[in-house]
Structures are given as structure tokens and as C-alpha cells.
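Secondary and tertiary structure notes
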Amino acid sequence: MIKSPRLKLMGILGANVLGLRHLSIRVDPVMGCNLACRMCYFSNAERRKAMKGVMTSAEMSEMSRCLFPRALQVVVGCAAEPTLHPDYVALIRLAKRYCVPHISLVTNGQIITYEHLEQMVQAGLDELIVSMHGVTKPVYEYFMQKSSYEAFVQRLDWLEALKTKHHLKQPSLRINYTVNPDNLGDLEGFFDHFGKYDIHTLQLRPMFENDGIYHRQMDAGDEERYRALVERFKVIARERGMQLLANMSDVHYEQQSKDARVAEAVYCYVSPSTAGHWGGSWKGLSFGRYSNVSGRRKELWGAIISGRGGRVGNIGKSQIL
Ligand code: SF4
């Protein structure tokens, strides 16, 4: 309802100063991945070597105390695979303890154990987001190097079985599919292979350059096919009562957005090295002090004064269709 980005930013600054919920927090408790997807920096040997760090349980607990009471949303997993952390389920429990309204986990699903999945279902996880880059075994395993198609399918089966066992509707299932010219054809058969699952949301994201070993971007012909496919999926989504998210407006992630600063102002990324960036620690850190040492408040003021838009990468490029 509020059109002016400046007014939105002032509201966010107000929420920040008063300590109200306004953040969308993404937490990577560990900077590693069990896979090496071709479109991802984890397939790049140099980048992979540089990705390091694990949050201790004490850090997770102190970080949660500081940030989670200000969160509207906590997403566990962002730029790495959270289920490699031995205690990642604790983050779901912490988010629940601080009454975060929406809690998600983003994962490739490959190594989640049945026990951990059950613990998350029981802990109140709202949404399980699984990434896939192919709907058939050859394409899935080609793009998601080191993966097992069967392991992925098994986790989807477990999720359905656990929800039935505990008489729960949550966590809802969201599938994120990264589209490129060589897996676009595979996507055509998505509902033939995965239509039997109770999918709440399907997100289609054209690939953006991410320092991996695969670089082909969609050309005009691919883009036309992609758009036609999204139109077809829109009809299916309506019939199924499923939410479809797709980037249709800026397929090559080139446009500026007037709301980029607003997205940045609510976006809060936490990794094992976050506290090190400002030379501190989460221990005993108040939210006010965090906002100052991290430069959050200063950036907010700067954005309000400049009133300019900016680029926002791949965040917020998908529309609900
Ligand atoms: S895309 Fe996700 S699952 Fe694949 S290598 Fe990157 S972080 Fe891991």
C-alpha cells in the first residue's frame, strides 16, 4: 500500500530503533556443501576451498537472542547447505522459541536424516524449501554433481509420511528450480514426475552467473520457451491451488529496482564469519549495538537521504503468478 521507497525505509528505521520485527534473516550455520552443482560456486575448486567456517552452538544461541526477536522470517540456509551442521535443527527450535512468524529451511535435501526431518516437523518448521536443477535422474544428477536422485525423492516421500503421521499440514513444501537452456526441456515434465507431491510453492528462477562451471545463459529462443512454459504452469498451478513464483520481468537480472534499498534494509544475512567482519562476537550483543557495529543503521540513513534505487541481484525478482 505504501508506494514511496523513502517512506518504507523510514518505517524500517523506526522498527529498527524500536526493536520491532522487520527483518528477513538468512542464516548459514556452516559454509560448505555436500554437492557441487554446476551453476553454483561450489563447483569452482578455488571458490570451494575458500568457503569455510562453522557456527558453534553457543554462537547460534547468542545470535538468535540478538536478532530473532526482530525477525518476521528466518530462513536457515542461503549460500551453503545447512544440513551439514550437526546441530542445524537447533536453529529451527531457537526461531520458534523467539516466536518468529515464519521459519524455513533451504536445502538440497540429500543428507537430511529421517530423524532430523521428524524433529523439524515436530519443532514447527513452516516451510521446507528444496532446490533442484532437473526433474529426471540424468539431468538432476548432471547439474547437481555428487547427488542422488533417489535420495532426493526419498526425502519428499518422508516429508509426506511424517506430516501424515503427526497430523500436520506444515511444513509446506516449496521447490526452487534454477532454469538454464539445458534443463528447460526437462522442466516441461515437472508435473509428470513430481505432480503427486503436495507442493505449496514452485519457484522458477532463470540462472544468474554465480561463478560455477556452467555459464550458458538463455538466448531469445530459450526465453520464449521459458515464458510459454510459465504460462502453461500458471494454469496448472491455479488448478492445483499451488503458488507459482517466477521471474518474468527481468530474466537476465539487469534492471534496477526502486525497492532494492528496501529489500536490502530488511535482508539480514548471518554466516560463521559475520561477527568477525566487525571484529566482535555475538556474546552479550544487544540489537542496538549490532545495528551500529554492522553499519545497518548508517546504511538505512544513507538510503533514506539518497532516495535512490539500486540493483538487488536475484532477490525479489520472482513474481507471484
Ligand atoms: S546450489 Fe545449493 S546444493 Fe548446489 S552446490 Fe550450491 S549450495 Fe550446494
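Refer to the structure presented above.
Bear in mind the structure is a predicted one, so any value in this text is a computation, not a measurement.

**Some words on the overall build of the chain**
- For the chain, the helix and strand inventory stands at 14 helices and nine strands.
- Against the globule reference of 20 Å for 321 residues, the chain gives a C-alpha radius of gyration of 20 Å, in line with a compact fold.
- For the chain, the C-alpha atoms occupy an extent of roughly 50 × 45 × 40 Å along the three principal directions.
- Here the chain holds 321 residues, and 53% of them are scored as buried.
- The long-range share in the chain, meaning contacts at least 24 apart out of those at least 6 apart in sequence, stands at 79%.
- Carbon and sulfur atoms form 55% of the exposed surface of the chain, whose accessible area is close to 14,700 Å².
- Across the chain, the mean location of the 41 positive side-chain charges is 9 Å away from that of the 32 negative side-chain charges.

**Focus: the site of the ligand**
- Taken together, C33, L35, C37, C40, F42, N108 and H133 make up the full set of residues near the ligand.
- Considered class by class, the residues forming the shell around the ligand number five nonpolar, two polar and no charged.

**Here we look at the packing of helix α1 (residues 5–18) against helix α14 (residues 296–306)**
- As a packed pair, α1 and α14 sit with axes 9 Å apart at the nearest point and diverge in direction by 155 degrees. Put simply, α1 runs roughly antiparallel to α14. Of the two possible hands of crossing, α1 and α14 adopt the one that is left-handed. Contact with α1, carried on its side by R6, L9, M10, I12, L13, N16 and V17, involves R296, R297, L300, W301, A303, I304, I305 and S306 of α14 and no other residues of that element.

**Some points on the layout of surface pockets**
- A volume near 490 Å³ is recorded for the second largest pocket.
- Together, 19 residues line the second largest pocket, and Y267, Y290, S294, R296 and E299 are the ones closest to its centre.
- Of all the elements in the fold, those that place two or more residues in the lining of the second largest pocket are α11 (260–266), β8 (267–270), α12 (274–277), α13 (287–293) and α14.
- The element that contributes the greatest number of residues to the lining of the second largest pocket is α14, accounting for four residues.
- Broken down by class, the residue content of the lining of the second largest pocket amounts to ten nonpolar, five polar and four charged.

**What about the environment of P181?**
- Relative to the assigned elements, P181 resides in the loop between β5 (172–179) and α8 (184–187).
- Accessibility expressed as a relative area gives 10% for P181, which makes it buried.
- A C-alpha to C-alpha distance of 7.9 Å links P181 and D219, two positions 38 residues apart in sequence.
- Those residues in contact with P181 that sit more than four places away from it in its chain are Y214, R216, Q217, M218 and D222.

**Side note on the nonpolar core**
- Ranked by internal contacts, the top residues of the largest apolar core, which has 83 residues, are L67, F68, F190, L204 and W282.
- Apart from residues no more than four positions distant in its own chain, F190 is found in contact with M132, V135, I175, G195, I199, L202 and F233.
- If you look at the next biggest cluster of nonpolar residues, it comprises eight residues, including I12, V262, L300 and I304.

**Regarding the side chain of E118**
- Relative to the helices and strands, E118 resides in helix α5 (residues 114–123).
- Under the relative-accessibility criterion, E118 is labelled buried at 14%.
- Ignoring anything within four residues of it in the chain, the contact list for E118 reads L162, K165 and H166.

**Here's the deal with the packing of aromatic side chains**
- The full count for this structure, using the stated rule, is 15 aromatic pairs.
- Between the aromatic rings of Y149 and F194, the centroid separation amounts to 6.3 Å while the plane-to-plane angle is 75 degrees, which identifies the pairing as edge-to-face. On the criterion of sequence distance, the pair formed by Y149 in helix α7 (residues 149–165) and F194 in helix α9 (residues 190–194) is long-range, its members being 45 residues apart.
- For Y149, a relative accessible area of 13% gives the class buried.
- Residue F194 is classed as buried on the basis of its relative accessible area of 1%.
- Aromatic side chains F190 and F191 sit 5.0 Å apart centroid to centroid with 85 degrees between the ring planes, which places their arrangement in the edge-to-face category. F191 matches F190 in its accessibility class, with the two residues each being buried.
- Cluster of aromatic residues (ring-pair linked, three or more members): Y140, Y149, F152, F190, F191, F194, Y197 and F233.
- Its guanidinium or amino end placed over the ring of Y142, R38 lies 3.8 Å from that ring's centre, counting from NZ or CZ.

**Quick look at α1**
- The first and last C-alpha atoms of α1 sit 20 Å apart over 14 residues, in line with the 20 Å expected at 1.5 Å per residue.
- Within the sequence span of α1, burial applies to P5, L9, I12, L13, A15 and N16. Mapping the buried residues of α1 onto a view down its axis gives an arc of 160 degrees, with all of them on the same face. Exposed and facing more than 90 degrees away from the buried side of α1 are V17 and L18.
- Where α1 is buried, its residues contact α11, α13 and α14.
- Once α1 finishes, G19 follows within two positions and takes phi at roughly 75 degrees, a positive value.

Quick notes on the rules
By convention here, each chain's residues receive numbers from 1 onward along its written sequence. Local features in a predicted model are, by the rule used here, given only for residues with pLDDT of at least 70; side-chain atom pairs are given and counted only at 80 or more, and totals for whole chains, interfaces and linings are based on all residues. Water and hydrogen atoms play no part in the side-chain values, which are based on all heavy atoms of the structure. Helical segments are the DSSP runs of H or I of at least four residues, strand segments are the runs of E of at least two, and each set is numbered from the N terminus. Every radius of gyration here is taken over C-alpha atoms, with the globule rule written as 2.2 Å times N^0.38, N being the number of residues. Here the term buried applies to any residue with accessible area under 20% of the maximum for its type, exposed to any over 50%, and partly exposed to those in between, with areas from a 1.4 Å probe on protein chains only. Contact criterion: two residues are considered in contact whenever any of their non-hydrogen atoms come within 4.5 Å of each other. For the accessible areas, the method is Shrake-Rupley and the probe is 1.4 Å, while residue cover comes only from the protein chains on display. Positive charge is attributed to Lys and Arg, negative charge to Asp and Glu, and no charge count is given to His or to the chain ends. Taken as the charge location is NZ of Lys, CZ of Arg, CG of Asp or CD of Glu. We call a residue near a molecule or strand when any one of its heavy atoms sits within 4 Å of it. Amino acids are sorted into nonpolar (Ala, Val, Leu, Ile, Met, Phe, Trp, Tyr, Cys and Pro), charged (Asp, Glu, Lys and Arg) and polar (every other residue, Gly among them). Axis definition: a line fitted to C-alpha atoms, over the contacting stretch in the case of helices. Angles run 0 to 180 degrees between N-to-C directions. In what follows, roughly perpendicular refers to angles from 65 to 115 degrees, roughly parallel to angles under 35, roughly antiparallel to angles over 145, and oblique to any angle outside these ranges. Handedness of a crossing is defined here by the sense of rotation of the near helix relative to the far one, left-handed for an anticlockwise turn of less than a right angle and right-handed for a clockwise turn. Grid points spaced at 1 Å over the protein atoms alone were grouped into cavities, where a 1.4 Å probe fits but cannot get out, and pockets, open sets with protein on both sides within 12 Å along at least five of seven lines, with lining residues defined by an atom within 4 Å of a point. Grid points are joined across faces, edges and corners, and a volume is the space filled by probe spheres set on the points. In these notes, a set of buried Ala, Val, Leu, Ile, Met, Phe, Trp, Tyr and Cys residues joined through side-chain atoms within 4.5 Å is what counts as a nonpolar core. Only rings of Phe, Tyr and Trp enter the pairing, Trp through its six-membered ring, and a pair is recorded when the two centres are within 6.5 Å. The plane angle decides the type: under 30 degrees is stacked, over 60 is edge-to-face, the rest tilted. Look at NZ for Lys and CZ for Arg. If either is within 6 Å of the ring centre and within 35 degrees of the ring normal, a charge sits over the ring. Multiply 1.5 Å by the residue count of a helix minus one, and that product is the helix's expected span. Directions drawn from the helix axis to the C-beta atoms are what define this arc.

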